[in-house]
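Structural description and commentary
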Amino acid sequence: MEQHATGRAGRIDRIIREHLAPVELAIHDDSARHAHHVHVRDNGVQAGESHYNVLIVSPAFEGVGRVQRSRLVHNLLADEFAGGMHALSLVLRTPEEQARMATA
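Per chain, residue numbering runs from 1 following the sequence as it is written. Side-chain atom pairs in this predicted model are given and counted only at pLDDT of 80 or more, local residue features only at pLDDT of at least 70, and totals for whole chains, interfaces and linings cover all residues. As a rule here, side-chain values come from all non-hydrogen atoms in the structure, and water together with hydrogens is ignored.

1. Quick notes on the overall build of the protein chain
In this text, helices come from DSSP runs of H or I with a minimum length of four residues, and strands from runs of E with a minimum of two, each type numbered from the N-terminal end. Broken down by element type, the protein chain carries five helices and three strands. Reading the helices (α) and strands (β) of the protein chain from amino to carboxyl end gives α-β-α-β-α-α-β-α. Each of the 104 residues in the protein chain was classed as buried or not, and the buried ones make up 34%. Taking the contacts inside the protein chain whose residues are at least 6 apart along the sequence as the reference set, 62% of them involve residues at least 24 apart. When accessible area is computed with a 1.4 Å probe and restricted to protein chains, residues below 20% of their type maximum are described as buried, those above 50% as exposed, and intermediate ones as partly exposed. Contacts are assigned to residue pairs with any non-hydrogen atoms lying within 4.5 Å of each other.

2. So, the pattern of salt bridges
The term salt bridge refers to a side-chain nitrogen of Lys or Arg lying within 4 Å of a carboxyl oxygen of Asp or Glu. A complete count under the given rule lists five salt bridges for this structure. Residue Arg-8 pairs with Glu-80 through a salt bridge whose shortest N-O separation is 2.7 Å. Of this pair, Arg-8 sits in helix α1 (residues 7-20) while Glu-80 sits in helix α4 (residues 78-82), and the two are 72 residues apart along the sequence. For Arg-8, a relative accessible area of 4% corresponds to the buried category. A single salt-bridge network, built from bridges that share partners, covers Arg-8, Arg-11 and Glu-80.

3. A short note on the side chain of Gln-98
Following the sequence through the fold, Gln-98 ends up in helix α5 (residues 95-103). Polar contact is the term for a pair of N or O atoms within 3.5 Å; when the atoms are in protein, one must be able to donate a hydrogen and the other to accept it, and sequence-neighboring residues count only if both atoms are side-chain atoms. Of note is the side chain of Gln-98, whose polar atom sits 3.4 Å from the side chain of Glu-24. Not counting residues within four places of it along the chain, the set of residues in contact with Gln-98 comprises Glu-24, Leu-55, Val-57 and Arg-93.

4. Quick look at the sheet that holds strand β1 (residues 24-29)
Sheet strands pair via backbone hydrogen bonds, and the direction of the pair is either parallel or antiparallel. DSSP bridges decide pairing: two strands pair if at least two such bridges lie between them. The strand order β1-β2-β3 describes an open sheet built from three strands, whose pairing is mixed. Two strands bound the open sheet, and with one partner strand each, they are β1 and β3 (87-93). Between one strand axis and the next, the sheet turns by 10° as a mean value, whatever way the strands run. Contacts from helix α3 (residues 66-76) reach β2 (51-57) and β3 within the one sheet, and its direction differs from that of β3 by about 130°. Of the strands in this sheet, β1, β2 and β3 are in contact with α5, which crosses β3 at around 90°. To obtain each axis, a line is fitted to C-alpha atoms, and for helices this fit is confined to the stretch in contact; angles are then taken between N-to-C directions over 0 to 180 degrees.

5. So, the packing of α1 against α3
Contact geometry of α1 with α3 gives a least axis separation of 10 Å together with a crossing angle of 125°. The pairing of α1 with α3 is recorded here as oblique in orientation. The element α1 and its partner α3 pack so that their crossing is right-handed. Contact residues: Ile-15, Ile-16, His-19 and Leu-20 in α1; Leu-72, Val-73 and Leu-76 in α3. Between 65 and 115 degrees an angle is taken as roughly perpendicular, under 35 as roughly parallel, over 145 as roughly antiparallel, and anywhere else as oblique. Crossings are sorted by hand: turned counterclockwise from the far helix by less than a right angle, the near helix makes the crossing left-handed, and turned clockwise it makes it right-handed.

These figures capture arrangement, not role.
This is the structure in structure tokens:
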């Protein structure tokens, strides 16, 4: 589990922990791989805070469909998108689903 104290990753971490109480949370800033994208050059988005890969394992996802899980997380992070975050790759699982992945 990664801990993030500051910046966009820190805000994402705090928002997810506050609203979804995850049993596992991993946030990876993948922005450096996308620094050449037009939106970075044209909009002045900081290369270090535009693209993220996030794994959230939370009981809050139990009984919630895949699309609804994604919408929930996107809604929670709406201010980050409004503030320049460009892309968010999500893996959203319940603890049971994560346990099945570990044994597969």
